[in-house]
Amino acid sequence: MAAVEAGLVPAMSAPEDAARDAPEAAGAGPEAPLLPAGNRLSLHLHPGGCRRLLRLCAQQAPQLLEVDFLQLSGYEDPQLLEAALARLPWSLPHLRSLVLKGGQRRDALGACLRGSLTTLPASLSGLARLAHLDLSFNSLETLPACVPQMRGLDALLLSRNCLAELPAALGALPSLSFLTVTHNRLRTLPPALGALSSLQRLDLSGNLLEALPPEIGDLGSLAELNLASNRLQSLPGSFAGLRALQLCILHSNLLASVPASLARLPLLTRLDLRDNQLRDVPPELLDAPFVRLQGNPLGRPPPDPPSPPGTPMVPEMPRLLLTSDLDSFAVTPQGCSVTLACGVRLQFPAGATAAPVTVRYRLWLPEPRLVPLGPHDALLSGVLELQPHGVAFQQEVGLWLLFVPPRARRCREVVVRTLSDDSWSDLETHLEEEAPQRLWAHCQVPHFSWFLVVSRPMSDACLVPPEGALLCSSGHAGVRVTFPAGATEEPRRVRMQVVHVGRRELPALLGEPEAAASPLLCLSQSGPSSFLRPVTVQLPLPPGVTGLSLDRSCLHLLHRAAPVATWDDITAQVALELTHLYARFQVTHFSWYWLWYTTKTCVGGLARKAWERLRLHRVNLIALQRRRDPEQVLLQCLPRNKVDATLRRLLERYRGPEPSDTVEMFEGEKFFAAFERGIDIDADRPDCVGGRVCFVFYSHLKNLKEVYVTTALDRQARAVRGQVSFYRGEVPEVVPEEAEAARQKRGTAALWMATLPIKLPRLRGCEGPARGAGLSLAPLNLGDAETGFLTQSNLLNVARRLGPDWPAVALHLGLPYRELQRIRHEFRDDLDGQICHMLFSWAERQAGQPGAVGRLVQALEQSDRRDVAEEVRAVLELGRRKYQEGLQHTSLAPRNLASPDRSPSPSPEPAQT
């Protein structure tokens, strides 16, 4: 990076004054600017960069003739900037890359500010060797006329400007291979765009395009096309001419149909059609493995016909389709419909807010402190946080959360659970089908907080007045509770949950074929703990048992008083009234009740085991290594019924040992994986403690993590045969050694669950002991303590994940195309060297610059590497959390009362309605 430091420079009144006074200032001794280092001149980090450039040009330093890269800030004074740019064709004749980006500064809400650039001087067309031009994050409303005259341009970046159209003259750039005009205001495209015969990558996402010209099919070299988040309603038939197309992204549009010819493009490997209006898709596309169709109303009836003439027109509600690089949006009193990239929809009716409100959202990874679950609940989604917390809307806001429905749905229901007034409650929820295996959970919310989707046993509730009431179960006929008159002085709300019990569960546990149990009944209430008069509870007799033939000595009524986990036999303490099908008894306070029929006499301990068995999931643990990269290890905990299908899908890319033996786990149970026998995790991760990977098991989520491993042993001499072991609970302060772990395996309360082998093959030939071993990487920290750091180890982990996608990431980071070619040449036949050099050289140039980590995350997402972007976000969140904890520990900052860490600890009982 060029070091340009000239001290304080007197203010110039106009570009002419700057050019006239430059020689005198250049000779002012200690204030003279230093010459560029090498062939790069980066003046965007220094105040007054244009003044420094003018003074360098006035000196006519011979080193300027060698400069092929120039970067200036987009926040310069427009007159100074125009004067400086006008000198470039004569002062920097060999310039190949010119970067004039904004976006480095942020407003009070953290949003990137556009630069002040609105035009370019006509003389820039004289830069005959210019191959890379980056004008992103500026205020361009029209494309400067000099740009189409730069016939040598290879890459043109115009993202995040205010362009409403592109000129037809743009089609006269014969060498242009990369064009990005994302997040502008384009409504149409010029037909001349089809004349760009060399164009390979075209990104027009985030605009207002409603149609495409047929000439787009003439782009015979186009390999990647991104038209996401526009308003396209159809595609031209000329799409069949894109014979080189490999990646086509069309999600978040209004497409009602797509041509079948897309399926016949010979090189197409991914077609993203999510979140459109497709009701019917050609069979060739419907069955293609590379097509993504989620979020389309496939198979649904068409909408209602338009209203007849003369009917008053209702203004259409604004519709927002947010990409993953945005975490906030504005809501006006007009209302709007919002679709978030994380699988969430929001609908704000007109008048929901009296004034504009900025809404922020975040999807948290589920963990016990954020997920309040009852004993028989199951989590179906991540945790969505919407801010501002607690602000009441004048009309309720519609919320849709996407989830995969559970396979076992008998006597269960799906609800949205939220935090309100320091307690969790379940909202009235309606289900809408989005696809055969994907549903929307829809509810109305009066204010914002945390939200998650939960599957729970069927629940019924009622308000009991002093006159009495009858509460019946909607899921189990015969389960009912009768409240006599005078049972309560004030109305109180009562709730009933009934848990289905399989016929085989109890006989298998007791070893008694004739044993049986009724449904498990949970009763809860608000107000005083006891009723004034006894309440009658009716339960069906266990399956296969009737009141005429049963042996009363074998019938046991079991009772559990929360939060104690023990069960008591209260048969002798109540008067059981038996009919042919039911048993009735009276109680004065509510708890859990269970009716058993067994010849066993002491059943309290057995009931506790049976209750735990109902809540346990039988799972298998897998550890697979990627075939192309054995250092990448996939760890996953799967319910037993999903193992075979998951392995069939993974074994094309992974290989490894057979899954572990079946183990049993509770919903929300913590466990961790420890690599042993010479193998360690290769990078710092937010989910690692002492080199152990932490998990939380949720039966309907993926429970999957991919990590990179390394070893200190010599892999050039022999392969390293290690292992990974899985243990229950949180990571202890001292993890037991292998001998101790082996001894624990024999105990009934052992923490060890499974051990699977991991093998790192021997390195042969010129392979080094580790990736990038020949690189000399300077230690650095990218970011800051408050927003989070990325250390050298974190960046190495990012580099190892990029693979052949690194050029796309580099271009989105703003690296000139010429630099990419230089890196490829310098590290030819060394992919890891190319990636590490690119990433670390970029990181070194960002030292002390705000927003660098955010630009890296944005570049990863724009390059379709959201997996790596999510890992970076997790690392930053861990750093921010530790930073805040450190401030709180030293009493330098108040504790955030709105933080999930301070949310009430979840009760072991189901959430109250």
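Keep in mind the model is a prediction, meaning the values are calculated, not measured. (Residues numbered from 1 in each chain as written. Predicted model: local features only at pLDDT ≥ 70, side-chain atom pairs only at ≥ 80, totals over all residues. Heavy atoms only, no water.)

Time to look at the overall build of the chain. Regarding its fold elements, the chain presents 15 helices and 49 strands. Taking all 913 residues of the chain together, 50% fall into the buried category. Residue pairs in contact within the chain that sit at least 24 positions apart in sequence constitute 62% of those at least 6 positions apart. Summed over all atoms, the accessible surface of the chain reaches about 41800 Å², with 52% contributed by carbon and sulfur. (Helix = DSSP H or I, 4+ residues; strand = E, 2+ residues; numbered from the N terminus. Buried < 20%, exposed > 50% of the residue type's maximum accessible area, 1.4 Å probe, protein only. Contact = heavy atoms within 4.5 Å. Areas by Shrake-Rupley, 256 points an atom, 1.4 Å probe, with all protein chains shown as cover.)

Further remarks concern the sheet that holds strand S47 (residues 752-760). Pairing within the open sheet is antiparallel, and its 5 strands lie in the order S43-S44-S41-S46-S47. Every other strand in the sheet has two partners, leaving strand S43 (688-689) and S47 as the edge strands with one partner each. Examined bridge by bridge, strand S41 (residues 669-676) and strand S46 (residues 720-728) share 6 bridges and lie antiparallel to one another. Counterpart to Ala674 in the pairing with S46 is Ser725. (Pairing = 2+ DSSP bridges.)

The next thing to look at is the sheet that holds strand S26 (residues 469-472). The 5 strands lie next to each other as S26-S27-S31-S35-S34, forming an open sheet whose pairing is antiparallel. On the outer flanks of this sheet lie S26 and strand S34 (577-578), each paired with one strand and no other. As defined by bridge partners, strand S27 (residues 480-483) adjoins strand S31 (residues 530-540) across 3 bridges and the pair is classed as antiparallel. When the sheet's bridge partners are listed, Val481 is paired in S31 with Val537.

The tally for this structure, following the rule as stated, stands at 5 cavities of 30 Å³ or more. A volume near 200 Å³ is recorded for the largest cavity. If you trace the largest cavity, you find 17 residues lining it, with His44, Gln71, Leu813, Trp842 and Gln846 closest to the centre. The residue makeup of the lining of the largest cavity, split by class, is 6 nonpolar, 7 polar and 4 charged. Per-domain counts for the lining of the largest cavity show at least three residues from each of domain 1 (97-292) and domain 5 (782-885). Roughly 60 Å³ of internal volume is contained in the second largest cavity. Forming the boundary of the second largest cavity are Val501, Glu505, Leu506, Leu509, Trp594, Ala610, Arg613 and Leu614. The set of elements that each furnish at least two residues to the lining of the second largest cavity consists of helix H6 (505-510) and helix H7 (604-615). Residues that form the lining of the second largest cavity fall into these classes: 6 nonpolar, no polar and 2 charged. (1 Å grid on protein atoms, 1.4 Å probe; cavity = no way out; pocket = protein on both sides within 12 Å on 5 of 7 lines; lining within 4 Å. Points joined across faces, edges and corners; volume = space filled by probe spheres on them. Nonpolar A, V, L, I, M, F, W, Y, C, P; charged D, E, K, R; others polar. Domains from an automatic or database assignment.)

The step from Gln387 to Pro388 runs through a cis peptide bond, and the omega angle for that step is 10 degrees. If you trace the backbone, Pro388 turns up in the loop between strand S18 (383-387) and strand S19 (397-403). The phi dihedral of Ser229 is positive, around 55 degrees, even though this residue is not glycine. Here Ser229 is to be found in the loop between strand S8 (224-226) and strand S9 (247-249). Here Ser229 falls in the buried class, since its relative accessible area comes to 11%.

Here the focus is the nonpolar core. Across soluble globular proteins, nonpolar side chains show a tendency to be buried alongside one another. Of all hydrophobic cores here, the largest spans 78 residues; its most connected members are Leu70, Leu88 and Phe239. Elements with a contribution of two residues or more to this core: helix H2 (49-59) and helix H3 (78-86). Filtering out sequence-adjacent residues up to four positions away, Leu88 remains in contact with Leu53, Leu70, Pro93, Leu95, Leu98, Leu124 and Leu127. Judged by nonpolar contacts, the second largest core, of 37 residues, contains Leu813, Phe840, Ala852 and Leu856. (Core = buried A, V, L, I, M, F, W, Y, C linked by side-chain atoms within 4.5 Å.)

Of all 11 residues in helix H10 (residues 792-802), 9 are buried; the element is thus mostly enclosed. Those residues of H10 not exposed but buried are Asn794, Leu795, Leu796, Asn797, Val798, Ala799, Arg800, Arg801 and Leu802. Looking one or two places after H10, you find Gly803, whose phi comes out positive at around 60 degrees.

A separate point is the packing of aromatic side chains. Evaluation of the coordinates by the stated rule reveals 15 aromatic pairs. Aromatic pair Phe531 and Phe590: ring centres 5.0 Å apart, planes at 55 degrees, arrangement tilted. Taken together, the residues Phe531 in strand S31 and Phe590 in the loop between strand S35 (582-589) and strand S36 (592-597) connect sequence positions 59 residues apart. In this structure Phe531 comes out as buried when scored by relative accessible area, which is 5%. Three or more aromatic residues link up through ring pairs in this structure, and these residues are Phe329, Phe348, Tyr361, Phe393 and Phe448. Geometry around Trp440 places Arg345 over its ring, the cationic atom sitting 4.5 Å from the centre. (Phe/Tyr/Trp six-rings, centres within 6.5 Å; stacked < 30°, edge-to-face > 60°. Lys NZ or Arg CZ within 6 Å of the ring centre and 35° of its normal.)

Okay, the environment of Leu790 next. With respect to the secondary-structure elements, Leu790 resides in strand S49 (residues 788-791). For Leu790, a relative accessible area of 1% puts it in the buried group. Between the C-alpha atoms of Leu790 and Val872, which are 82 residues apart in sequence, the distance is 8.0 Å.

What follows deals with the pattern of salt bridges. Considering all chains together, one arrives at 18 salt bridges under this definition. The shortest N-O distance in the salt bridge between Asp272 and Arg274 comes to 2.8 Å. On the accessibility criterion, Asp272 (0% relative accessible area) is buried. The residue Arg845 makes a salt bridge to Glu819 at a minimum N-O spacing of 3.5 Å. Here the residue Arg845 occupies a position in helix H13 (residues 831-845), and Glu819 occupies one in helix H12 (residues 817-826), the gap between them amounting to 26 residues. Here Arg845 and Glu819 have matching classes, each one buried. Salt bridges sharing partners connect three or more residues here, namely Asp377, Glu413, Arg417, Asp426 and Arg456. (Salt bridge = Lys/Arg side-chain N within 4 Å of Asp/Glu carboxyl O.)

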